[in-house]
Number of protein chains: 2
Amino acid sequence: MKIGLMGLGTVGTGVVHLINQNGKNIEKKIGEKIEIKKILVKDPNKKRTPLAEGKITFNADDILEDEEIDVVVEVMGKEHPALDYIIKALKSGKHVVTANKEVIAVHGKELIKLATENKVSLLYEASVGGGIPIIRPLKQCLAANKIYEIKGILNGTTNYILTEMKEKGLDFEEALKDAQQKGYAEADPTDDVEGFDAARKLAILCTLAFNKFTLPEKIYTKGIKSISKSDIKYAEELGYNVKLIAYAKIDEKERLEAWVHPVMIKKDNPLSGVNGVFNAILVDGNAVGEVMFYGQGAGMMPTASAVVADIMDVKNHIVIQNGCEDADLLPIVDTVSKYYIRLIAFDKPGVMSKITGILGDKGISLLSVVQKGVLGDTAEIVLITHIANTGKVFEALEEIQNLREVESIESVIRVEGE
Amino acid sequence: MKIGLMGLGTVGTGVVHLINQNGKNIEKKIGEKIEIKKILVKDPNKKRTPLAEGKITFNADDILEDEEIDVVVEVMGKEHPALDYIIKALKSGKHVVTANKEVIAVHGKELIKLATENKVSLLYEASVGGGIPIIRPLKQCLAANKIYEIKGILNGTTNYILTEMKEKGLDFEEALKDAQQKGYAEADPTDDVEGFDAARKLAILCTLAFNKFTLPEKIYTKGIKSISKSDIKYAEELGYNVKLIAYAKIDEKERLEAWVHPVMIKKDNPLSGVNGVFNAILVDGNAVGEVMFYGQGAGMMPTASAVVADIMDVKNHIVIQNGCEDADLLPIVDTVSKYYIRLIAFDKPGVMSKITGILGDKGISLLSVVQKGVLGDTAEIVLITHIANTGKVFEALEEIQNLREVESIESVIRVEGE
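Residues numbered from 1 in each chain as written. Chains lettered and ligands numbered in written order. Predicted model: local features only at pLDDT ≥ 70, side-chain atom pairs only at ≥ 80, totals over all residues. Heavy atoms only, no water.

For chain A, an unreviewed UniProt entry supplies the name Homoserine dehydrogenase and the organism Thermoanaerobacter siderophilus SR4. The Cofactor (unreviewed entry) field of the UniProt record for chain A holds the comment "a metal cation". Its UniProt record, at the heading Sequence similarities (unreviewed entry), says of chain A: "Belongs to the homoserine dehydrogenase family." (UniProt positions renumbered as here; feature names shortened; annotations may be inferred.)

Structure representation (structure tokens):
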């Protein structure tokens, strides 16, 4: 099997190493040798693995127009020009393996169609959860189930930051800096900390679990920038851990609820113990019940593990085209949840009654209210609501924010459970 | 697709229900209808699901010799006569899906060979971990990895008992009775509590992860009968949970270490939080690192979920015959571990020095020694060793047991970690 590798960054280098390292075993398993024939790179001056020697090209067509190459492995990342290369490869009858979540989340539906038309495979196990087997289990092993719900920790960077905040008592900015120094967060961490990366992966999972397609930007997404160490501490006191959860559920009317939001997860939930850069995906099916997949969601070798498994499987793969349909997305304001709200108010008489009055007017009842002590002329107030309509919570928050007695709403976190 | 179902106990009934319940979705996914044509049962007087009406037969040949039936689903359990039916089905060119761990653990190697010769599939996802996808992930998703190590909680009954012992402070016998009343343990619980069931599943996993075949009875197996609530309490104090672990590792000489034994697992290990009837399998691969699969390892619908997924996949499945070889099994006495030992000794001067003297003579050094208080004329002593050779530990335990000052060695538990 001759492959063309597009991209030689972290994942690409991992793929080259893994094929070199486990090549004999791989050959034994699939009955043929995987040969990397050409590797597309951009920068002529970058230092590269010696294993790439003699294979480098700067011209994508060297791969896309090479008739000997039957599998294109796209690990460049980013939407462009990767998308065009993938389209061209599929149209030329080449199988495509990709780790590109930007491309798959946005264009997956049309690309799968294109692959089916051209009778080739398009595999993308590495685009969600790095090395964790999730796409194939969803497609095959849980195929007999109607899947109701997915809850995932899909972003290792934010999970590392939240874990460090908890274990070392750091604030968000400190933990982010630490993650950047260790290479777990990028110089511009927006994609991770704002939840956009998790939203893309969630969109891909929705197509697999529910056959529902939605653009990632339509998924309500809130990241972890507003989480402070005091939120983490209060969560701890209440028996929760704070996690950035990517959530999707299909309701009885076949509407899709999908969002990315910080959530307080009860400590006895298996997701609660998922720490550091690890990812986990909890799937609820009508026959199997709860199933969880856990592992390293990123990194050179874990991601390469998924890419190479796809390469090994590409020719065996039967393209199952389930006809993904556009999702009827439930507006976020129509979802319900318990909410944890932490705010800073001026320490004046009557402030608490104004706040609880606003909530009461919106029909939101409170599970607990704690005034956590006075800092100068302000006081920190922590509220936890009963299950409430999210739209009403948003309205109430806006009114509370506008109270003269309120300095700021510091954080809003969903709370797991009925 | 016409199938013949052999067995209509818990799993068989689940399969009938699931195909009925999710039939439309299943048909959409695989492009054909799954029709259960005949169902083999033993007892003519048993009350059965109305969905089985008109399909019942008491003669296996009605299924095995029916040319219209192309898939035989064997969910009878037990080695005989299931094995003969499977052999006959494969020889007649029928695909076989089975949940039968007794048959697969002992005869899997020859049956896979037989399936390959007859160009049919033999699928057995349900035989390990119930509904948890594990066999397909190991075979496909982690195919690019060299897998080093498997650590599993493979038996839901014993995990339920250990969880109840911890959470309710019960002793083994009380928790077992509770499990029996709830239907989580059988009237004769030997297979589960002695670890035999876990050993069978471990044998199956060894063939998949390492391509090494070993008979389950050759795997050193110790169950949980000797675990008491005080062991659970001491573990808790030390930051551990006690779990029945099925462990396998391939060393640099390609020797297989495999055993089933109670183990104290550190609370930060993801296996430590796996409670109740849930199962989990932690796999360590050279590229992917640690990956864990979690879910309900038994029960009607979870197991049916795996069986029906196999049925859906049976025609797509490419029989990959990796040529499983007989394992070079490392004798249990050559393995190493830290050990927790709890014993009752007569409260006489010099007893402790005799015990520690025996251990010292065998080259076993101690991490901690606690004398836990006196009960009448006896005292409870808890020892934790450093990493030690298991053979030496066994020798020392025998000598200690023979000391006149020692009443009994109550429990021996492996302790995780270096």
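Visitor: Residues and numbers for the packing of helix H7 (residues 156-168) of chain A against helix H11 (residues 229-238) of chain A, please.
Guide: Residues and elements named next belong to chain A. At their nearest, the axes of H7 and H11 sit 9 Å apart, and the two run at 75 degrees to each other. Between H7 and H11, the interaxial angle falls into the category roughly perpendicular. For the pair formed by H7 and H11, the contact residues are Leu162, Met165 and Lys166 on the first element and Lys229, Ile232 and Glu236 on the second. The residue makeup of the contact of H7 with H11, split by class, is 3 nonpolar, no polar and 3 charged. (Axes fitted to C-alpha atoms, helices over the stretch in contact; angles between N-to-C directions. Helix = DSSP H or I, 4+ residues; strand = E, 2+ residues; numbered from the N terminus. Parallel < 35°, antiparallel > 145°, perpendicular 65-115°, else oblique. Contact = heavy atoms within 4.5 Å. Nonpolar A, V, L, I, M, F, W, Y, C, P; charged D, E, K, R; others polar.)

Visitor: Outline helix H10 (residues 196-210) of chain A, supporting the account with residue identities and numerical values.
Guide: Residue and element names in this part refer to chain A. Its 15 residues place the ends of H10 21 Å apart at the C-alpha level, agreeing with the 21 Å of an ideal helix rising 1.5 Å per residue. Buried residues dominate H10, accounting for 14 of its 15 residues. Immediately beyond the C-terminal end of H10, within one or two residues, lies asparagine 211, with a positive phi of roughly 60 degrees. (Expected span 1.5 Å × (residues − 1). Buried < 20%, exposed > 50% of the residue type's maximum accessible area, 1.4 Å probe, protein only.)

Visitor: Account for the environment of B:Leu359, with residues named and values stated.
Guide: Position of B:Leu359 among the secondary structure elements: in helix H13 (residues 351-361). Those residues in contact with B:Leu359, other than ones at most four positions away along the chain, are B:Ile364, B:Leu366, B:Leu383, B:Ala396 and B:Ile400.

Visitor: Provide a residue-level description of the packing of helix H5 (residues 101-117) of chain A against H10(A), including the pertinent values.
Guide: Residue and element names in this part refer to chain A. Viewed as axis vectors pointing N to C, H5 and H10 meet at an angle of 50 degrees, and their least axial separation amounts to 9 Å. It follows from the interaxial angle that H5 and H10 lie oblique. In the crossing of H5 with H10, the sense of the turn from one axis to the other is left-handed. Contact residues: H5 offers Lys101, Glu102, Ile104 and Ala105, while H10 offers Asp197, Arg200, Lys201, Ala203 and Ile204. Counted by class, the contact of H5 with H10 contains 4 nonpolar, no polar and 5 charged residues. (Left-handed = near helix turned anticlockwise from the far one by under 90°.)

Visitor: So what's going on with the packing of aromatic side chains? Residues and values would help.
Guide: Within the structure shown, the criterion is met by 9 aromatic pairs over all chains. Taking the centre distance of 5.8 Å and the plane angle of 35 degrees together, the rings of B:Tyr220 and B:Phe394 count as tilted. With B:Tyr220 in strand E9 (residues 220-221) and B:Phe394 in helix H14 (residues 390-401), the pair connects residues that are 174 residues apart, well separated along the chain. Classification of B:Tyr220 by relative accessible area gives partly exposed; the value is 28%. Accessibility expressed as a relative area gives 26% for B:Phe394, which makes it partly exposed. Both rings, one in B:Tyr247 and one in B:Trp259, keep their centres 4.8 Å apart while their planes meet at 15 degrees; by these two values the pair is stacked. Of this pair, B:Tyr247 sits in strand E10 (residues 240-250) while B:Trp259 sits in strand E11 (residues 256-266), placing them 12 residues apart in sequence. The class of B:Tyr247 is buried, set by a relative accessible area of 8%. Overall, the relative accessible area of 5% leaves B:Trp259 in the buried class. Directly above the aromatic system of A:Trp259 lies the positively charged group of A:Arg414, at a separation of 4.0 Å from the ring centroid. In this structure, B:Lys266 packs its charged tip against the face of B:Tyr240, placed 4.4 Å from the ring centre. (Phe/Tyr/Trp six-rings, centres within 6.5 Å; stacked < 30°, edge-to-face > 60°. Lys NZ or Arg CZ within 6 Å of the ring centre and 35° of its normal.)

Visitor: Pulling in residues and values, what's your account of the pattern of salt bridges?
Guide: Applying the stated rule across the entire model yields 58 salt bridges over all chains. A salt bridge links A:Lys225 to A:Glu194; its shortest N-O distance comes to 3.4 Å. A residue pair is termed long-range when its members are at least 10 positions apart, and A:Lys225 in the loop between strand E9 (220-221) and H11 and A:Glu194 in the loop between helix H9 (190-193) and H10 qualify at 31 residues. A salt bridge links B:Glu125 to B:Arg136, with the shortest nitrogen-to-oxygen separation between them at 3.7 Å. Of this pair, B:Glu125 sits in the loop between strand E6 (122-123) and helix H6 (135-141) while B:Arg136 sits in helix H6, and the two are 11 residues apart along the sequence. (Salt bridge = Lys/Arg side-chain N within 4 Å of Asp/Glu carboxyl O.)

Visitor: Run through the domain arrangement of chain A, naming residues and quoting values.
Guide: For chain A, the assigned domains read domain 1 (2-127), domain 2 (135-296) and domain 3 (333-415). If you average the C-alpha positions of domain 1 of chain A and of domain 3 of chain A, the two centres end up 51 Å apart. (Domains from an automatic or database assignment.)

Visitor: Outline the UniProt feature "active site" (unreviewed entry) in chain A, supporting the account with residue identities and numerical values.
Guide: All names here are of chain A. This chain's UniProt record puts "active site" (unreviewed entry) on Lys201. With respect to the helices and strands, the residue lysine 201 is situated in helix H10. We classify lysine 201 as buried; its relative accessible area is 5%. If near-sequence neighbours (up to four positions away) are discounted, lysine 201 is found in contact with Lys101, Ser127, Val128, Leu154 and Asn155.

Visitor: I'd like a rundown of the sheet that holds strand E2 (residues 35-40) of chain A, residues and numbers included.
Guide: All names here are of chain A. Spatial ordering of the open sheet is given by E3-E2-E1-E4-E5-E6, a layout of 6 strands whose pairing is parallel. One side of each edge strand has no neighbouring strand; the edge strands of this open sheet are strand E3 (56-57) and strand E6 (122-123). One ladder, built from 5 bridges, connects strand E1 (residues 2-6) with E2; its direction is parallel. Bridge pairing links isoleucine 3 to isoleucine 36 in E2. Set on the sheet, helix H1 (residues 10-21) makes contact with E1 and E2; between it and E1 the angle comes to about 155 degrees. (Pairing = 2+ DSSP bridges.)

Visitor: How would you summarise the interface of chain A and chain B if you had to cite specific residues and measurements?
Guide: Counting residues at the interface gives 42 residues for chain A, matched by 42 residues for chain B. For the pair chain A and chain B, the summed buried surface comes to about 3600 Å²; carbon and sulfur atoms form 56% of the total. Among the residues of chain A in contact with chain B, A:Lys29, A:Ala144 and A:Tyr294 are the three that bury the most area, contributing 17% of the side total. Taken together, the links from chain A to chain B amount to 0 salt bridges. For the pair chain A and chain B, the interface holds 11 residue pairs in polar contact (both at pLDDT 80 or more). When contributions to the side of chain A that touches chain B are tallied by element, the ones reaching two or more residues are H1, helix H2 (23-30), helix H6 (135-141), strand E13 (289-296) and helix H12 (300-313) of chain A. By residue number, the principal contributor to the side of chain A that touches chain B is E13(A), which donates 8 residues. Here the residues of the side of chain A that touches chain B sort into 23 nonpolar, 13 polar and 6 charged. Here 5 bridges tie E13(A) to strand E13 (residues 289-296) of chain B, and the two strands are oriented antiparallel to one another. Following the sheet pairing, A:Val291 is matched in E13(B) by B:Gly295. (Buried area = accessible area lost by both parts, 1.4 Å probe. Polar contact = N/O pair within 3.5 Å; in protein donor to acceptor, adjacent residues only side chain to side chain.)

Visitor: Talk me through unusual backbone geometry; I want residue IDs and the actual numbers.
Guide: The linkage connecting A:His80 with the following residue, A:Pro81, adopts the cis geometry, with an omega of 5 degrees. Mapped onto the secondary structure, A:Pro81 falls in the loop between strand E4 (71-74) and helix H4 (82-91). Phi angles above zero are rare outside glycine, and A:Lys78 is one such case at about 65 degrees. Exposure remark for A:Lys78: the relative accessible area of 56% places this residue in the exposed category. Backbone geometry at B:Glu254 places phi at a positive 65 degrees, although glycine is not the residue there.

Visitor: Kindly report on H12(A), identifying the contributing residues and their values.
Guide: An α-helix turns once per 3.6 residues; consequently, residues spaced three or four apart project the same way. Across its 14 residues, H12(A) extends 20 Å between first and last C-alpha, which sits within 8% of the 20 Å expected from 1.5 Å per residue. Taking burial as the measure, the 14 residues of H12(A) include 13 buried ones, the bulk of the element.

Visitor: Which residues make up the UniProt feature "binding site: NADP(+)" (unreviewed entry) in chain A, and what are the values?
Guide: Residue and element names in this part refer to chain A. In the UniProt entry, the feature "binding site: NADP(+)" (unreviewed entry) is given for Met6, Gly7, Leu8, Gly9, Thr10, Val11, Gly12 and Thr13. By secondary structure assignment, the location of leucine 8 is in the loop between E1 and H1. Setting aside its immediate chain neighbours within four residues, leucine 8 contacts Thr13, Val16, Ile39, Leu40, Val41, Lys46, Arg48, Ala52 and Ile56. Along the chain, the position of valine 11 falls in helix H1. If we skip the residues at most four places from it in the chain, valine 11 touches Val75, Thr303, Ala304 and Val307.

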